[in-house]
Amino acid sequence: MEKNEERGINMSLMDLPEATLDCILKWLSPIELCVMSMVCASLRDRCGSNHLWEKHMEFKWGRVIGEVAYKEWQCHIRKAKEGTLLGDYFTNLNGSLGSLSGTWPDDLYLGSYLEDCGNLNGQFSNKFMKAMYFSLETGRFWFPAQFYKGLTIYNALFSYDSKSDIFQARQHNGGWRFLGKNIGWDMVRIPPIETPPYTLHITDCFYDLKPGDHIEIQRRGITETHYGWRYGVIGHMESCNGNENYCHCQHNEELVVEFKQYPEASYMRKVVLNRRNSGEQGSRATGFFGGIRKLHNHHDIHLWNNRLTAQALQTMEPRLHYAPPVEAQYPVHGHQ
């Protein structure tokens, strides 16, 4: 180092070997990468590299951003490069794009929504991951995901508020409406399948289902609305005593789905479906049921059971805090 100083040689960050410089940049936070990108043109390009921002995307957004959201973002990028971001209504009709600016179009179903599309033609034009990261961080990109509301899951578009670290969600159901405005991270999940909320999911496990299996099943109250996903457990037929040595429920054409969030005596507690019927089943009384997704992941089952427990505690809470009137606690003798 001394010899370099004597010769008047000045070392800079750009003199480091490629691998060393890349290793340093990988340790920088998103804000630090942005600051570093202002040093020179070369570092501006390096600090916007997709491989650097992939790590930050996964770390912050990996819990809520899935394949569907990435596909939607790719559509926005493609349209930005083609210069056809605005007014492409025919593309939006099938829900595959949604690159519009301004007010939300009530008459169209969008797969995602991007506010201020001009950013994609500016500083972020060739930086896929960095552009996506900051569009999410600023709330401009309304991405597709699913939302736990009670014991039902709904598909919606989500926007992030970095100041409060919460989400807001909109759902298209006869026009865009807010589904929630104070949604925590634990209430949002990546859609496990790509079936749109207005489409019947094709069940591929009907004849594999047996009592005790955990499922999610599409349900809607009326046929004109979108489906939500409800948690259920496969139950036994009324003619079966539940003894596994004699149970033949798995081979019966009828399938019992039990919703344990309802009391035993409730007509909503159980629904009987026909395995041969691959279409929508149900009635206005119980609701209309669509496709079934069998749960194999113990983590998903654990989350649902936690929500069932939380609901049961909320139901019990008013009783736990109830205190009878004083007269009831200490009856006064002599009154008839």
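Given the structure is predicted, the values throughout are model-derived calculations rather than measurements. (Residues numbered from 1 in each chain as written. Predicted model: local features only at pLDDT ≥ 70, side-chain atom pairs only at ≥ 80, totals over all residues. Heavy atoms only, no water.)

*Asks:* Tell me what's going on with the nonpolar core, and back it up with residues and numbers.
*Replies:* Grouped together as the largest cluster of nonpolar side chains are 37 residues, with contacts concentrated most on Trp61, Ile65, Phe143, Phe158 and Phe167. With seven residues, helix α8 (residues 128-137) is the single largest residue contributor to this core. The contact partners of Phe143, leaving out residues within four places of it in the chain, are Val64, Ile65, Ala69, Leu136, Ala156, Leu157, Phe158 and Phe167. Within the second largest apolar cluster, 13 residues are counted, among which are Cys205, Leu209, Ile217 and Phe289. (Core = buried A, V, L, I, M, F, W, Y, C linked by side-chain atoms within 4.5 Å. Buried < 20%, exposed > 50% of the residue type's maximum accessible area, 1.4 Å probe, protein only. Helix = DSSP H or I, 4+ residues; strand = E, 2+ residues; numbered from the N terminus. Contact = heavy atoms within 4.5 Å.)

*Asks:* Run through unusual backbone geometry, naming residues and quoting values.
*Replies:* Despite not being glycine, Asp165 has its phi angle at roughly 60 degrees, a positive value. Within the element layout of this structure, Asp165 appears in the loop between β3 (152-161) and β4 (166-172). The exposure class assigned to Asp165 is partly exposed, which follows from its relative accessible area of 38%.

*Asks:* Describe the pairing of strand β7 (residues 214-220), naming the residues involved and giving the relevant values.
*Replies:* Summarising burial for β7: six of the seven residues are buried, a large majority. As defined by bridge partners, β7 adjoins strand β8 (residues 228-234) across six bridges and the pair is classed as antiparallel. Bridge pairing in β8 links Ile215 to Gly232. In terms of strand pairing, β7 meets strand β12 (residues 287-294) through five bridges, oriented antiparallel. Among the inter-strand pairings, Ile217 is bridged to a residue of β12, identified as Ile292. (Pairing = 2+ DSSP bridges.)

*Asks:* An account of the confidence of the model for the protein chain is needed here, citing residue identities and associated values.
*Replies:* Averaged over every residue, the pLDDT of the protein chain is 81; the share at 70 or more is 78%. This model gives residues 85-101 a pLDDT under 50, and the stretch forms 50 contacts once residues within four places in sequence are excluded. (pLDDT = per-residue confidence, 0-100.)

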